[in-house]
Amino acid sequence: MSKRISSKLIAIVAAALVLSGCGSEGGGGGSTADDGKITMGFSQVGAESGWRTANTKSIQEAAKAAGIELKFSDAQQKQENQIKAIRSFIQQRVDVIAFSPVVESGWDTVLREAKNANIPVILTDRAVDSQDTTLYKAFLGSDFVEEGRRAARWLVEEYKDVDETVNIVELQGTTGSAPANDRKAGFEEIIKDDPKFKIIASQTGDFTRAKGKEVMEAFLKSNPDIDVLYAHNDDMGLGAIEAIEGAGKVPGKDIKIITIDAVRDGMQALADGKINFIVECSPLLGPQLMDLAKKVVNGEEVPQRVVTEETTFTQEQAKEALPSRQY
Ligand code: AHR
């Protein structure tokens, strides 16, 4: 082989290696495409609630505004669909993967695959219970335990002058999900010291309006004496309101209702007196997520935990906040 041909061959092989990504560092911080544009693979839980719809919109709009190409996948509340989506993002060699894990457990294998492929992962909204925290770069989302505590603190204050037993029914979120586990734990932590508060029934409503209604109907049939409903999100609370009205009772009066999220429909029901108290959980995570993604891809240090700022709403506060509520 002549000298000229062999040096041409070396140049071709080197170019092919660069194009295929071999030999590039990635550095766990990903590597942007030649045009400098970041590509993010995002696996969303589904479309189970008003909160989720607002969250999806926030992520899609923020990606557009930040000039990040978004590959969006809806898992329809199934972990196996999320795992498939993440594997496909790895195959497509996206620069960064973000996802909101439907449940807490069972992520180590696929997260390790992403790490081995040098693609950084950001958790949004919900946590995973992996012991190895190097499997993801950051977790952006609410403090769900604190949300549960806030719900219970309102209850304790509301019933501070009552001596009789307070019968509570609980509509839990998706079984095994971080918000269901944590909101339950935070709520119980606050009421546990006062024996008058009794959770007489607790079941999942899978964060949906339809399931919230169905489970509340069953609660009402088997428990004639319900004082309080604690629903892990607005949608289940709104479904339960239909069940309560269907049973001839007055929501917000005969049965006091505490929910979490503060989406527009929930806030309207709060302003109308059908819900008594809402703990906010903000779905507007898009801008912060895009900011973190850019930093991570550029190899900058980011905090491993970013907690969303949130508040609570009484009925009066809901009336004030409603006109300017974004979601
Ligand atoms: O993970 C956040 C929770 O998921 C929201 O509270 C709920 O509405 C949603 O489905």
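Right above here is the structure, for reference.
Just so it is clear, the structure is predicted and the values come from calculations on it, not from any experiment. (Residues numbered from 1 in each chain as written. Predicted model: local features only at pLDDT ≥ 70, side-chain atom pairs only at ≥ 80, totals over all residues. Heavy atoms only, no water.)

Enquirer: Let's hear about the pairing of strand β10 (residues 277-280): which residues, and what values?
Expert: Alternating residues of β10 divide into Phe277 and Val279 and Ile278 and Glu280, and every residue in both groups is buried. As defined by bridge partners, strand β9 (residues 256-261) adjoins β10 across 4 bridges and the pair is classed as parallel. By the bridge assignment for β10, aspartate 261 is matched with glutamate 280. With helix α9 (residues 264-271) bridging β9 and the parallel β10, this β-α-β connection has right-handed handedness. (Buried < 20%, exposed > 50% of the residue type's maximum accessible area, 1.4 Å probe, protein only. Helix = DSSP H or I, 4+ residues; strand = E, 2+ residues; numbered from the N terminus. Pairing = 2+ DSSP bridges. Right-handed = clockwise from strand over helix to strand, strands pointing away.)

Enquirer: Go over empty space enclosed by the protein with me, naming the residues and quoting the values.
Expert: What the rule picks out here adds up to 1 cavity of 30 Å³ or more. By volume, the largest cavity is sized at about 90 Å³. Along its surface, the largest cavity is lined by Glu48, Ser49, Trp51, Arg52, Asp125, Arg126, Pro179, Arg183, Phe207, Asn233, Asp261 and Cys281. The set of elements that each furnish at least two residues to the lining of the largest cavity consists of α2 (50-66) and α6 (178-191). Considering only residue class, the lining of the largest cavity consists of 4 nonpolar, 2 polar and 6 charged. (1 Å grid on protein atoms, 1.4 Å probe; cavity = no way out; pocket = protein on both sides within 12 Å on 5 of 7 lines; lining within 4 Å. Points joined across faces, edges and corners; volume = space filled by probe spheres on them. Nonpolar A, V, L, I, M, F, W, Y, C, P; charged D, E, K, R; others polar.)

Enquirer: Let's hear about α9: which residues, and what values?
Expert: Every α-helix carries 3.6 residues per turn, so stepping three or four residues along brings you back to the same face. Of the residues making up α9, those classed as buried are Gly266, Met267, Ala269, Leu270 and Ala271. Looking at the buried positions of α9, the neighbouring elements they touch are α8 (234-246), β10, β12 (312-313) and α11 (315-321). Backbone geometry just after α9 places glycine 273 at a positive phi near 85 degrees. (Contact = heavy atoms within 4.5 Å.)

Enquirer: Talk me through the pattern of salt bridges; I want residue IDs and the actual numbers.
Expert: Overall, the coordinates contain 25 salt bridges when judged by the stated rule. Here lysine 184 ties to glutamate 170 by a salt bridge, and the two come within 2.6 Å at their closest N and O atoms. Of the two residues, lysine 184 sits in helix α6 while glutamate 170 sits in strand β6 (residues 166-172), which places them 14 residues apart along the sequence. Across the salt bridge formed by glutamate 316 and lysine 319, the nearest N and O atoms sit 3.0 Å from each other. Placement of the pair is glutamate 316 and lysine 319 together in helix α11, with a separation of 3 residues, close to one helical turn. Lysine 319 gets classed as partly exposed once you look at its relative accessible area, which sits at 43%. (Salt bridge = Lys/Arg side-chain N within 4 Å of Asp/Glu carboxyl O.)

Enquirer: Give a detailed account of the packing of aromatic side chains, specifying residues and quantitative values.
Expert: Within this structure, the stated rule accounts for 5 aromatic pairs. Residues phenylalanine 187 and tyrosine 230 carry aromatic rings whose centres are separated by 4.0 Å and whose planes lie at 15 degrees to one another, so their mutual orientation is stacked. Of the two residues, phenylalanine 187 sits in helix α6 while tyrosine 230 sits in strand β8 (residues 228-231), which places them 43 residues apart along the sequence. Summarising the burial analysis for this pair, phenylalanine 187 and tyrosine 230 share the class buried. (Phe/Tyr/Trp six-rings, centres within 6.5 Å; stacked < 30°, edge-to-face > 60°.)

Enquirer: Account for the site of the ligand, naming residues and giving values.
Expert: By nearness alone, every residue bordering the ligand is listed as Glu48, Ser49, Trp51, Arg52, Asp125, Arg126, Phe144, Pro179, Arg183, Phe207, Asn233 and Asp261. Arginine 126 places a side-chain nitrogen or oxygen 2.8 Å from an oxygen atom of the ligand. The contact in question runs from an oxygen atom of the ligand to an N or O atom on the side chain of asparagine 233, over 2.9 Å. About the coverage of the ligand: the protein hides 100% of its 280 Å² of free accessible area. At the level of secondary structure, the elements contributing two or more residues to the shell around the ligand comprise α2 and α6. For the shell around the ligand, the residue count by class is 4 nonpolar, 2 polar and 6 charged. Both domains that furnish three or more residues to the shell around the ligand are identified here as domain 1 (30-142 + 283-309) and domain 2 (144-281). (Near = heavy atom within 4 Å. Polar contact = N/O pair within 3.5 Å; in protein donor to acceptor, adjacent residues only side chain to side chain. Areas by Shrake-Rupley, 256 points an atom, 1.4 Å probe, with all protein chains shown as cover. Domains from an automatic or database assignment.)

Enquirer: Talk me through the side chain of serine 58; I want residue IDs and the actual numbers.
Expert: Within the secondary structure, serine 58 sits in helix α2. Under the relative-accessibility criterion, serine 58 is labelled buried at 9%. Within polar-contact distance, the side chain of serine 58 engages the backbone nitrogen of glycine 286 at 2.9 Å.

Enquirer: How would you explain helix α3 (residues 79-91) if you had to name every residue and give the values?
Expert: The end-to-end C-alpha separation of α3 is 19 Å, in line with the 18 Å expected for 13 residues at 1.5 Å each. Among all positions of α3, only Gln82, Ile83, Ala85, Ile86, Phe89 and Ile90 are buried. Buried residues in α3, looked at end-on, bunch into an arc of 160 degrees, giving them a common side. Turned more than 90 degrees from where α3 packs its buried face, Lys84 and Gln91 sit exposed. Looking at the buried positions of α3, the neighbouring elements they touch are β1 (39-44), β2 (69-74), β3 (96-99) and α4 (108-116). Taken from the residues just after α3, arginine 93 is the one with a positive phi, measuring 55 degrees. (Expected span 1.5 Å × (residues − 1). Arc of directions from axis to C-beta.)

Enquirer: Quick one: what's the story with unusual backbone geometry, residue by residue and with numbers?
Expert: A positive phi angle is found at glutamine 76, which is not glycine, with a value near 50 degrees. Among the secondary structure elements, glutamine 76 is positioned in the loop between β2 and α3. Phi angles above zero are rare outside glycine, and arginine 93 is one such case at about 55 degrees. Mapped onto the fold, arginine 93 is located in the loop between α3 and β3. Judged by relative accessible area, which is 44%, arginine 93 ranks as partly exposed.

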